[in-house]
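Coordinate analysis (summary)
This is what each chain is made of:
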Amino acid sequence: MNQLAILENDVEFSRKLLNYIIGHNKRLRLMNLSIKVEEIVEILDLLDEKDILLLDLSFPRINIDKLVTILNQKRNHMPNIIVIEDNLN
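I will try to describe carefully the structure that is included in this document.

Calculation criteria
- Residues numbered from 1 in each chain as written.
- Predicted model: local features only at pLDDT ≥ 70, side-chain atom pairs only at ≥ 80, totals over all residues.
- Heavy atoms only, no water.
- Helix = DSSP H or I, 4+ residues; strand = E, 2+ residues; numbered from the N terminus.
- Rg over C-alpha atoms; globule rule 2.2 N^0.38 Å.
- Buried < 20%, exposed > 50% of the residue type's maximum accessible area, 1.4 Å probe, protein only.
- Contact = heavy atoms within 4.5 Å.
- Areas by Shrake-Rupley, 256 points an atom, 1.4 Å probe, with all protein chains shown as cover.
- Lys, Arg positive; Asp, Glu negative; His and termini not counted.
- Charge placed at Lys NZ, Arg CZ, Asp CG, Glu CD.
- Salt bridge = Lys/Arg side-chain N within 4 Å of Asp/Glu carboxyl O.
- Right-handed = clockwise from strand over helix to strand, strands pointing away.
- Pairing = 2+ DSSP bridges.

Helices and strands together make up the secondary structure of the protein chain, namely three helices and four strands. Order of helices (α) and strands (β) in the protein chain, N terminus to C terminus: β-α-β-α-β-α-β. The C-alpha radius of gyration computed for the protein chain amounts to 13 Å, which stays within 12% of the reference 12 Å derived for 89 residues, consistent with globular compactness. The C-alpha extent of the protein chain, read off along each of the three principal axes, is 35 × 30 × 20 Å. Counting every position in the protein chain, which comprises 89 residues, the buried fraction comes to 36%. When contacts within the protein chain are restricted to residue pairs at least 6 apart in sequence, those whose partners lie at least 24 apart make up 74%. Total accessible area computed for the protein chain in this model is approximately 5,800 Å², and 52% of it derives from carbon and sulfur atoms. Computed over 11 positive and 14 negative side-chain charges, the inter-centroid distance for the protein chain is 5 Å.

Shown next, in the form of structure tokens:
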């Protein structure tokens, strides 16, 4: 079973997204839903190449490019990273 971790500061958007994803893929299990960067950092080492990490593009105080670079240098395998945005206006 694949694991899913989400870093998103809009809890309502996260709930809707999670319901949609889990509703369409029964092989996913929510591992973590974080609204703080510190929370997601703790679980990054538990994700492997078949897992999914959803990152909010507009999350305050996080540089997605830097995070991906650090993960890539630190690990032999990376989770599937999907960048999300709840406000496309």
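Attention now moves to the pattern of salt bridges. In this structure the tally under the stated criterion is two salt bridges. Glu12 is the partner of Arg15 in a salt bridge, and the nearest nitrogen-oxygen pair spans 2.4 Å. Note that Arg15 and Glu12 are positioned in helix H1 (residues 11-24) at a spacing of three residues, about one turn of the helix. Two residues, Lys50 and Asp48, come together in a salt bridge whose shortest N-O distance is 3.9 Å. A relative accessible area of 42% places Lys50 in the partly exposed class.

Quick look at the pairing of strand E1 (residues 2-7) now. Burial within E1 is extensive, with five of its six residues counted as buried. Note that the unit made of E1, H1 and strand E2 (residues 28-34) has a crossover that is right-handed. Pairing between E1 and strand E3 (residues 52-56): four bridges, direction parallel. Note on E3: the bridge partner recorded for Leu4 is Ile52.

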